[in-house]
Structures are given as structure tokens and as C-alpha cells.
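# Remarks on the overall topology
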Amino acid sequence: MTHKALVSCVGWTAADELYSCSDDHQVMKWNPVTSETARVLKLPDDVYPIDLHWFPRGIGGKKQSQAESFVLTSSDGKFHLISKLGRVEKSVEAHCGAVLAGRWNYEGTALVTVGEDGQVKIWSKSGMLRSTLAQQGTPVYSVSWAPDSDKVLYTSGQQLIIKPLQPNAKVLQWKAHDGLILKSDWNSVNDLILSAGEDCRYKVWDSFGRALYSSQPHEYPITSIAWALDGELFAVGSFNTLRLCDKTGVHNVIDDAVDLLEFRDRVIKASLNYGYLVASTSLQCYVFSTRNWNTPLIFDLKEGTVSLILQAERHFLLVDGGGLYLYSYEGRWISSPKYPGMRTDLLNALTVSLSNDTLAVKDKADEKVIYIFDALSGKPLGDGKPLTHKTEIVEIALDQKGLTSERKIAFIDKNRDLFITSVKRFGKEQKIVKIGTMVQSMAWNDASNILCGIQDSRFTVWYYPNTVYVDKDLLPKTLYEKDASEFSTAAQIVSFVGSQVTIRRADGSLVHLHVSPYPAILHGHASAARWEDGLRLCRFVKDQTLWACLAAMAVASKDMSTAEIAYAAIGEIDKVQYINSIKDLPSKESRLAHMLLFSGNTQEAETLLLQSGLVYQAIQININLYNWERALDLAVKHRTHVDTVLAYRQKFLEDFGKKETNQRFLQYAEGLEVDWNKIKAKIEMEIAKERERAAASAAGRSSVTVQQ
């Protein structure tokens, strides 16, 4: 059974189900897998269909029936709300002349229609008119919603227009083609716009109207254009021509062996990484090991619409219209994380990231939020609260190696600033630190926690991003930078494997860059605490960047001897002296606290000292940092060293020729005479007491060892 006249519009409901409408007034349902067809509906003879759009998937809640319906626009000035079974729920008089396009917004709360009468109208989901957004003298041939559903893109002759729904908001308009624009599409995942026109070209734009790509002129006008949901591919239609374009072929490059893999059904998505090829068809998932292509592991899928496959070393993630599913490479289901208002149809590789122990997902409802899950249990990490940033986030990425407790996430916000933070919470506030600006793309290395990015017109490698947490001043010395103006502004990093970075330029071509292999080797030495090997490597390579990385790694691991040598090698003499002073401290606890101080973790250092009963040390670090209020609070609370705090405060004010004005300090100083000899004796007694306690503790440990 086929159509008898021109097919005017089509729409997929699932990977194996397609609806089509034709000038023969039939609405048909097709299954490309089984080649079955069925007639769904016969339209009246005077109704010629023009456009079809399905209600968004995953929307509708209890009224799931609405999610199983579509809008059909027609030549008689009406649009029709039709159920999947073919029942016309409602027909609405919408425009004078043909209704040329109709589109649901991403939340399923509104419908936009455009017509030959030049009007752009917004309707409720039940078909009630809300507003006439625009009115012009020429027909509007195509319309799309912005990813956040607060703006509408429509055509006007040779112009593209983005108009916000809010009245009096700024309208963006630009000349996009030299002929009439026939079709446009705006992708919700990558925020890019496609346009096609009678000038026989198709073009790609960003949401500010900046041209990213323009095709060569074709032989005939481009009459149709559409994004794939995930924003990775788009289709271009012209007379007798259909093109599939990407924004990107199994071939063994080592020995040129070629394996032909055959599948029962068509392959929708595939991913090759960590020695496994994961491919999904409309019915099943296939997992091939690169060591054995003959016997794939196969399991059935709940829903045949896999939109994303992400791989980590130990497991992989499938994303479809129904949810997130983690599987082992043996095909065992691991977990299905969920979060409030989850919209899996809007996720892509930039907004989901997977490591061996963690899954991170950027929320679409609130783009400042990242949900972080334990990959194995599927439960939210820590207290269950998501990570929240001050502005909208556009790209996220988890590092791949190391301990779960040290797992980091990097993200780029809409200002193109690059931040890094730990996925585990430390203290009350999660430390989110900015490490880059004007960053358009980034990627973590597959085998060590090295981050690379295209930053403004430079290609940058952060050899040890964790430096921001141990010695922020050292971060610039741990970077590698190279001019990247050759890559253009829209270049994207595809992968960072071993010491090779693959970059896709705006014209689609791939460029391969090599970075030094030594930092990755150093990461391996540091993670195994082989500090002597690390020192030998740095002495062999004689590179300041490598020494700086070693210094930060040693501080992070509290190895003071290595840190001292590394800091000396890069000329940081003041830090060498500070490390020496730490080594002379009487107890392990105070040495650890001063290491935390060295890394800028004042609160953690104070907490550690108080928990260890070293109240004087806690007071002294606040005095050294001029945290006078906090030092006095601790002295008063623990009823010790109030005179010490007042003495140091008095000396500080005298050095600057100032008088005390703080009422609390004046109150405690009243009738108290500062005696420096007495204070120094008290301090020496504290240090002696701490030394004795440390010696006793060490003796206790050694006696336990002997008994064992």
C-alpha cells in the first residue's frame, strides 16, 4: 500500500514507526523494519496536508494520550489535532489561506502556526488562540521554537527572524539567503539553526545569527531541511536529492584488516571506545569486543529510540526517550538514574558525562543545575542536592581516572568560562573554581586526568587541573598553550586519547594534535606514590611545566620532601622555606593542618586542629591570617590564650599606627596587661606539650606493632 500522490510531510513516532501525509488525502503508518504499512486516516477531499508535527515525547503526565497525537496543518487554513489511532480530536480555523507550518514547543504547552497570510500565531495545547506574535505582508514558510521555548524563529522572504514571546523584547533579524527561504530548523540540543532556500544553498547559524557554514550552490532549490534530535546530523532535501550531513567510517588501521558487521535491523547509534563497539538497532543492543568481532553480546531494548551512547572504561550508558540505562560490557543492567522533570530526548554528549563511578547530567529545566549520580547504584551522590552554578551551563565533562573521592567535573557556562569542581562535597560549600575564559570546547584525557580545551585563539592543556585546589598560584605554570587560530572559532574537540587530540574544524575536516606524553607518565607515578620515579622523570625531561605539576601532585599527596625539591627546581624559594617550617612542626596533626593552609583550605585546617585538641594552634593560624574576630572567638570559647590574641592584635595596630576601635577587643583588653614574656612562655609550653603528646602517640603505635 503506497500513496497515490505527492507526499507532503512525514513524522517519526519511534525508530521503527513513521507517519506520512499526502495529496491523496491519506495518512499512512509505515514500519521500515518489517515494511508493513497501514492507513490511519482518510482526510476530506478538500483538505490537502502541508505539515505534521508530533506532540513531544515524555510529556503529558497522566494524559499520556496527548503525547500520542500530532498536529496536521492544511491548505484550507486549519490545523487538526489528530490521535495516533487516526481520530481527529479538533480542527481549528487558524489562518487566511494555507497553514504552512505548525510546531509544538519542547514542553508541549504551546503550539505555533504560520501561514500564507503572513501571520505567526501561538496556541494553547488544546487549540485556543493565545496571541498573534507577528503579522507581515509575505507568507511565512517555516517556524521553529528556541531550545528554551521562549522565542520563535520564522522566515520572512530572504530574512530569518527570532522573536521572543515577551512583548517589547528585542527582535533579532538578518538576511540569510539570496533567495526566498523555504525551510528552517532550530535544534534544542546544540542550539544551532539550519536554513534552506531558493538560492540553492543550505546554511548553519548560531542563535545570534552568526554564519557557521554555507553550502556550495546546488542544482535545484533546497526545499526541506531537518535536524536529528541529538543535533549530530541533519538531512537536506532537494529535487531528486536527499543528503545526510554531519556537524562527522570498522577499520583496523594497524593491519588494515576489515570486518563487515551485519545486523538484523538498521543501526541507529554506535560508539567505539575502551576496546568495545556498542551499537543499537531499533530492537536490540550489540556489544562487540575489538578482540573478537564474531560473537557480539546482544540484549533487547525496552524502547528502540536510542539517542545517545556514552562509554566509560567499565560500563556504558544508553539514553532513549524513556530514560537513562547503565550496562556492563557483559550486558548486565547496572542502574537507571532518575531526577525530577527528566527529559532524556534533549540530552547529548555535551550535557551528559560518564566515568567508572559517576554519572553527571545537566538539567534542561534549569540549565544552572547538574545532577550527579553514583553510577553503580543510580542514586544521587552525597546529600542528594544537585550541583548549582550561578549562570547557565552549556557543556559538562567528568575526569576518567583516579579515586572516586577525588572525581572532578569540568563545565563551560554560557559566558564560555571554564570551571572545575569536585563531585564530592567538602564542608558546606562546594568549591567551584574558574580555570579558563572564552573556552569553546573541552575534553578530558581517556587515561589520565589531563584536560584540554580551545580557549579564545589558543589550544590549552591543563596538565594537572587539581593544582587549583593545592596551590592556585602554580596553575599557570602547569599549562601548555599553542596558537589555535588555524582551527576557526567553531572548532570542537572530538577526543583526547593517549597523547593525541582530535579536533573537528567548522568545515567538518579533522585535525590531529600531539601533546607531550610525559605529564601522563608523571600522573601514573604520582597515583602509585612512586615519587623517586617522578623526580627522575623531571630531571630527565628538564621541563619547568613538568616540575610544576610534580610540585602540585606532591602537595596534594602530602609528600613534603618531593614538593620541596620540585618547588626549588622552579625557583619558588618562599614555598620551599614554608615547607621546611612545616617539617619542623611538633605533631603530625599540625603538619597536616599547615599543609591544608598551604593549599588555602583555612576552614579544614582549623577544624582538624580543634578536633585534635590543638586549640592554641587553631588560634595561632587565625592570628597569622589576621582573622582577628575568629581568633578571639576561639580563645574566649576555649578559655585560653585571650591575652595572646590581644597582644598580637595590639602589636598589629601599633605597627600600622592605628588605635583599637572594635568594641569586643576593647572590652576584653580592659584591665588586662599584656606581658610578652608570659605569652612566649605559654606558647613554648604548648609546643612542648604537643611534642610530648606526639612522642607518646608514636610510642603507643610502635608498641601495638610489636604486640601484633
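Going by the structure above, here's the rest.
This section reports on the structure supplied with the text. (Residues numbered from 1 in each chain as written. Predicted model: local features only at pLDDT ≥ 70, side-chain atom pairs only at ≥ 80, totals over all residues. Heavy atoms only, no water.)

When you go through the chain residue by residue, the secondary structure sums to 14 helices and 46 strands. Within the span of the chain, comprising 708 residues, buried residues form 51% of the whole. Looking at the chain, you have 80 positive and 83 negative side-chain charges, and the mean spots of the two groups are 4 Å apart. (Helix = DSSP H or I, 4+ residues; strand = E, 2+ residues; numbered from the N terminus. Buried < 20%, exposed > 50% of the residue type's maximum accessible area, 1.4 Å probe, protein only. Lys, Arg positive; Asp, Glu negative; His and termini not counted. Charge placed at Lys NZ, Arg CZ, Asp CG, Glu CD.)

With respect to the element layout, L310 can be found in strand β28 (residues 308-311). Residues L310 and A349, 39 residues apart in the sequence, show an inter-C-alpha distance of 7.4 Å.

The next thing to look at is helix α6 (residues 560-569). Turning to α6, its buried residues number three or more, namely M560, T562, A563, E564, A566 and Y567. The elements touched by buried residues of α6 are α4 (531-541), α5 (544-556), α7 (573-583) and α8 (588-598). Phi turns positive one or two residues past the end of α6, at G571, with a value near 75°. (Contact = heavy atoms within 4.5 Å.)

Let's shift gears to the packing of α6 against α7. Running from N to C, α6 and α7 point in directions that differ by 160°, and their axes come no closer than 9 Å. By the angle between their axes, α6 is roughly antiparallel relative to α7. When the axes of α6 and α7 are compared, the crossing they make is left-handed. In this structure, α6 uses M560, S561, A563, E564, Y567 and A568 to contact α7, whose residues at the interface are K575, V576, I579, N580 and K583. (Axes fitted to C-alpha atoms, helices over the stretch in contact; angles between N-to-C directions. Parallel < 35°, antiparallel > 145°, perpendicular 65-115°, else oblique. Left-handed = near helix turned anticlockwise from the far one by under 90°.)

Further remarks concern the packing of aromatic side chains. Throughout the structure, instances matching the rule amount to 27 aromatic pairs. Judged by centre distance (5.0 Å) and plane angle (75°), the rings of F55 and W104 are edge-to-face. With a gap of 49 residues between them, F55 in the loop between β5 (49-54) and α1 (64-67) and W104 in strand β9 (residues 99-104) connect regions that are remote in the sequence. Taken as a pair, F55 and W104 share a single burial class, namely buried. Geometrically, the ring pair formed by F316 and Y329 is tilted, given 5.5 Å between the ring centres and 40° between the ring planes. With F316 in strand β29 (residues 315-319) and Y329 in the loop between β30 (324-328) and β31 (333-335), this pair connects stretches of sequence that are 13 residues apart. Side by side, F316 and Y329 carry an identical accessibility label, which is buried. In this structure an aromatic cluster arises from ring pairing among Y276, F299, F316, Y327 and Y329. (Phe/Tyr/Trp six-rings, centres within 6.5 Å; stacked < 30°, edge-to-face > 60°.)

Within the structure shown, the criterion is met by zero disulfides. The structure places no disulfide on C21, whose sulfur is separated from the nearest cysteine sulfur, that of C9, by 4.0 Å. (Disulfide = S-S within 2.5 Å.)

A word on the packing of helix α11 (residues 628-638) against helix α12 (residues 642-655). In contact at an axis separation of 8 Å, α11 and α12 are set at 160° when each is read in the N-to-C sense. By the criterion of interaxial angle, the relationship of α11 to α12 is roughly antiparallel. As for how α11 packs across α12, the hand of that crossing is left-handed. Contact residues: W628, A631, L632, A635 and V636 in α11; V642, V645, Y648, R649 and F652 in α12. Taken together, the residues of the contact of α11 with α12 break down into nine nonpolar, no polar and one charged. (Nonpolar A, V, L, I, M, F, W, Y, C, P; charged D, E, K, R; others polar.)

A few words on the pairing of strand β34 (residues 369-374). The side chains of a regular strand alternate between both faces of the sheet. A large share of β34 lies buried, amounting to five of its six residues. Bridge analysis of strand β33 (residues 358-362) against β34 gives five bridges, and the strand direction is antiparallel. In the strand pairing of β34, A360 is matched with I372. Linkage of β33 to β34, two consecutive antiparallel strands, is achieved through a turn of six residues. (Pairing = 2+ DSSP bridges.)

All right, on to the sheet that holds β28 then. Spatially, β28-β29-β30-β31 is the arrangement adopted by the four strands of the open sheet, whose pairing is antiparallel. Whereas interior strands pair on both sides, the edge strands pair on one side only; in this sheet they are β28 and β31. Taking each pair of neighbouring strands and ignoring which way they run, the sheet shows an average axis angle of 30°. Across five bridges, β29 lies against β30 in antiparallel orientation. Residue L318 lies in a different strand from β30, and its bridge partner there is Y325.

Turning next to the environment of G498. One can find G498 in the loop between β44 (492-497) and β45 (500-504). By relative accessible area, which is 39% here, G498 ends up partly exposed. Counting along the chain gives 219 residues from G498 to A279, while the straight-line C-alpha distance between them is 24 Å. With residues up to four places along the chain from it excluded, the contact list for G498 reads N445 and D446.

With that out of the way, let us pick up the sheet that holds β33. Pairing is antiparallel across the open sheet formed by four strands, whose spatial order is β32-β33-β34-β35. What marks the edges here is a single partner per strand, and that holds for β32 (352-354) and β35 (387-388).

With that settled, consider the nonpolar core. Counting 47 residues, the largest nonpolar core has C452, F459, V501, I503, L522, L550 and Y567 as the members making the most contacts within it. When residues of this core are assigned to their parent elements, the largest contribution, ten residues, is made by α5. Setting aside residues up to four positions removed in sequence, L522 forms contacts with G534, L537, C538, L546, C549, L550 and M553. By size, the runner-up hydrophobic cluster in this structure holds 20 residues, among which are A605, L609, I623 and L634. (Core = buried A, V, L, I, M, F, W, Y, C linked by side-chain atoms within 4.5 Å.)

Okay, the pattern of salt bridges next. Going through the model one piece at a time under the given rule, you end up with 29 salt bridges. The partner of K401 in a salt bridge is E313, with the nearest N and O atoms 3.3 Å apart. Pair noted here: K401 is in the loop between β36 (393-398) and β37 (408-413) and E313 is in the loop between β28 and β29, with a separation of 88 residues, a long-range link. Taking relative accessible area as the criterion, E313 reaches 38% and is therefore assigned partly exposed. In this structure, R630 and E606 form a salt bridge, with 2.5 Å as the shortest nitrogen-oxygen distance. Residue R630 is found in helix α11, and its partner E606 is found in helix α9 (residues 602-611); the two are separated by 24 residues along the sequence. The network of salt bridges with common partners includes E17, K29, E68 and K84. (Salt bridge = Lys/Arg side-chain N within 4 Å of Asp/Glu carboxyl O.)

As a further point, take unusual backbone geometry. Of note, H25 is a non-glycine position whose phi angle comes to about 70°, a positive value. With respect to the helices and strands, H25 occurs in the loop between β2 (17-22) and β3 (26-31). The class for H25 is buried, based on a relative accessible area of 9%. Even without glycine at this site, D191 takes up a positive phi of about 65°. Its place among the elements puts D191 in the loop between β17 (181-186) and β18 (193-197).

Once that is clear, we can look at α9. Taken together, the buried positions of α9 are occupied by A605, E606, L608 and L609. Projected onto a plane normal to the axis of α9, the buried residues spread over an arc of 160° and lie on a single side. Residues of α9 that are exposed and angled more than 90 degrees away from the buried face: Q603 and Q611. Next to the buried residues of α9 lie α8, α10 (615-624) and α11. Just downstream of α9 lies G613, where phi reads positive at about 80°. (Arc of directions from axis to C-beta.)

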